[in-house]
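Each chain, letter by letter, is given below.
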Amino acid sequence: MRLPSLDRRRFLQSSLAIAALGATGPTLQAEPSPEPASPTGGSWEENETIQRPREIALDILKPTPAQLEHGLELHKASLVFDSYGFAPRAAVDGDAIRTAVEAGASPDEVEDMREDMSKTRWATDPTERAEFQQAFEASGVTCIFQNAGQEGQDPLRLLKRLAWFTYATDLMRDYIPKAATPDEIEQAKQQGRRCLYFTGNGVPLRQRWDSIEDELSYVRIFFQLGIRMMHMTYQRRNMLGDGCGEASDAGLSDFGRAAVKELNRQGVIVDVAHSGWKTSADAAKASDR
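Cut-offs applied
Residues numbered from 1 in each chain as written. Predicted model: local features only at pLDDT ≥ 70, side-chain atom pairs only at ≥ 80, totals over all residues. Heavy atoms only, no water. Helix = DSSP H or I, 4+ residues; strand = E, 2+ residues; numbered from the N terminus. Buried < 20%, exposed > 50% of the residue type's maximum accessible area, 1.4 Å probe, protein only. Contact = heavy atoms within 4.5 Å. Areas by Shrake-Rupley, 256 points an atom, 1.4 Å probe, with all protein chains shown as cover. Phe/Tyr/Trp six-rings, centres within 6.5 Å; stacked < 30°, edge-to-face > 60°. Axes fitted to C-alpha atoms, helices over the stretch in contact; angles between N-to-C directions. Parallel < 35°, antiparallel > 145°, perpendicular 65-115°, else oblique. Left-handed = near helix turned anticlockwise from the far one by under 90°. Salt bridge = Lys/Arg side-chain N within 4 Å of Asp/Glu carboxyl O. pLDDT = per-residue confidence, 0-100. 1 Å grid on protein atoms, 1.4 Å probe; cavity = no way out; pocket = protein on both sides within 12 Å on 5 of 7 lines; lining within 4 Å. Points joined across faces, edges and corners; volume = space filled by probe spheres on them. Nonpolar A, V, L, I, M, F, W, Y, C, P; charged D, E, K, R; others polar. Pairing = 2+ DSSP bridges.

## Some points on the overall build of the protein
Helices and strands together make up the secondary structure of the protein, namely twelve helices and five strands. Expressed as a percentage of the 289 residues in the protein, the buried residues total 44%. Here the analysis covers contacts within the protein between residues at least 6 apart in sequence; of these, 68% occur between residues at least 24 apart. A total accessible area of about 14,900 Å² is found for the protein, and carbon and sulfur atoms account for 54% of it.

Here it is in structure tokens:
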């Protein structure tokens, strides 16, 4: 599949027509892109949920037609990598959740259902798949550094979200596979495809504290599972350092420095999002990659 390109003549015609009607801003028109194979049919240009915010943004920014054309062409020609975010979420199946609640499901079970559905139904439900593909087509993004972990260091906790995104990308490998190397991201761009590159919310720790090497042994396992970036901390203090929510901001611990070295060794990016200022600076100084 390819990214939709801008047809300047159609754009100018639509802009002039809207101006004549007293509209508040231009509406972008694009050449039709291949429609997702789904019972809903249609393309992102026909999706009001996508088009309305687009019109609002254009009304705020007020680009000239030349500026808009130049920007969209630049966007189209570039390998656009969302450095940290989420792929479009799917809607949950409210009836299934209600049935589970009525059957006595616990709050944790309901939360797992909600999380699972929002992260996998774009691969299992035809309607959600069509919406997902339309949103991705409209964005023009090649790859997202997908948050595929949950806050904390417990390997079992971290595996949950990773499993959901692995499952979804396995089912959608022809459209949006999981990328394992930077080369695969570049190949996706060349082929007009998309991909996800996984990141986790924490360094997985066994929490047995027998030795530093044993404690950090799961870094390689999660790298092999596809994780390419890991948080040092998440808001609060942990064994690696202080998060941004700690008033003390004491920085990176000795164990945290050992973790940085192991992340470097395995090829995992040291992520200081949610870390304190000193923890972030210490991690940058400790990292040699």
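## Here's the deal with the packing of aromatic side chains
Across all of its chains, the model carries seven aromatic pairs by this definition. On the basis of an interplanar angle of 45 degrees and a centroid distance of 5.4 Å, the ring pair of F145 and Y197 is categorised as tilted. Here F145 is found in strand β2 (residues 143-147), whereas its partner Y197 is found in strand β3 (residues 195-200), with 52 residues between them in sequence. Residues F145 and Y197 agree in their burial class; the two are buried. Ring geometry for W209 and F255: centres 5.4 Å apart, planes at 70 degrees, overall edge-to-face.

## Considering the packing of helix α5 (residues 107-124) against helix α7 (residues 155-171)
α7 packs onto α5 with a crossing angle of 15 degrees between their chain directions and a minimal axis gap of 8 Å. Classed by the angle they form, the pair α5 and α7 counts as roughly parallel. In this structure, α5 crosses over α7, and the sense of that crossing is right-handed. When α5 is examined against α7, the residues D112, E115, D116, K119, T120, W122, A123 and T124 are found in contact with a partner set consisting of K160, R161, W164, F165, Y167, A168, T169 and L171.

## Re the pattern of salt bridges
Between side chains of opposite charge, a pair can form when the charged atoms approach closely. Scanning the entire structure with this criterion turns up 17 salt bridges. Taking the shortest distance from any N to any O, the salt bridge between K119 and E115 comes out at 3.2 Å. One end of the pair, K119, and the other, E115, are both in helix α5, four residues apart, so they sit about a helical turn from each other. In terms of burial, K119 and E115 fall into one category: buried. The residue D125 makes a salt bridge to R121 at a minimum N-O spacing of 3.4 Å. Where salt bridges share partners, they join E111, R114, E115, K119 and R161 into one cluster.

## Points about unusual backbone geometry
Here the phi dihedral of K62 falls at roughly 50 degrees; this positive angle occurs in a residue that is not glycine. Within the secondary structure, K62 sits in the loop between α2 (48-61) and α3 (65-77). One non-glycine residue, D249, lies in the positive phi region at around 50 degrees. On the basis of relative accessibility, which here comes to 21%, the residue D249 falls in the partly exposed class.

## A short note on the environment of F222
Assignment of secondary structure puts F222 in helix α10 (residues 218-224). Linking F222 and P204, residues 18 residues apart in sequence, is a C-alpha distance of 7.8 Å. Leaving out residues up to four positions away in the same chain, F222 has contacts with P155, L158, L159, L162, P204, I227 and M230.

## A word on the confidence of the model for the protein
Summing up the model confidence of the protein, the mean pLDDT is 86 and the portion of residues at 70 or higher is 86%. Confidence over residues 1-40 falls short of pLDDT 50; this stretch has 86 contacts with residues more than four positions distant or in other chains.

## Looking at empty space enclosed by the protein
Within this structure, the stated rule accounts for one cavity of 30 Å³ or more. Taken together, A148, L158, G200, N201, G202, F222 and I227 form the lining of the largest cavity. Of the residues contributing to the lining of the largest cavity, the split by class is four nonpolar, three polar and no charged.

## Digging into the sheet that holds strand β4 (residues 227-231)
What the five strands build is an open sheet, ordered β1-β2-β3-β4-β5; its pairing is parallel. Both edges of this open sheet fall to β1 (81-85) and β5 (269-271), since each of them pairs with a single strand only. Shown here is a sheet whose adjacent strand axes are inclined to one another by a mean of 25 degrees, direction ignored. Summarising the sheet, β1 and β2 pair through three bridges and their orientation is parallel. Bridge assignment links F81 to a residue of β2, and that residue is C143. Helix α8 (residues 182-190) contacts β1, β2 and β3 of the sheet and is inclined by roughly 150 degrees relative to β3.

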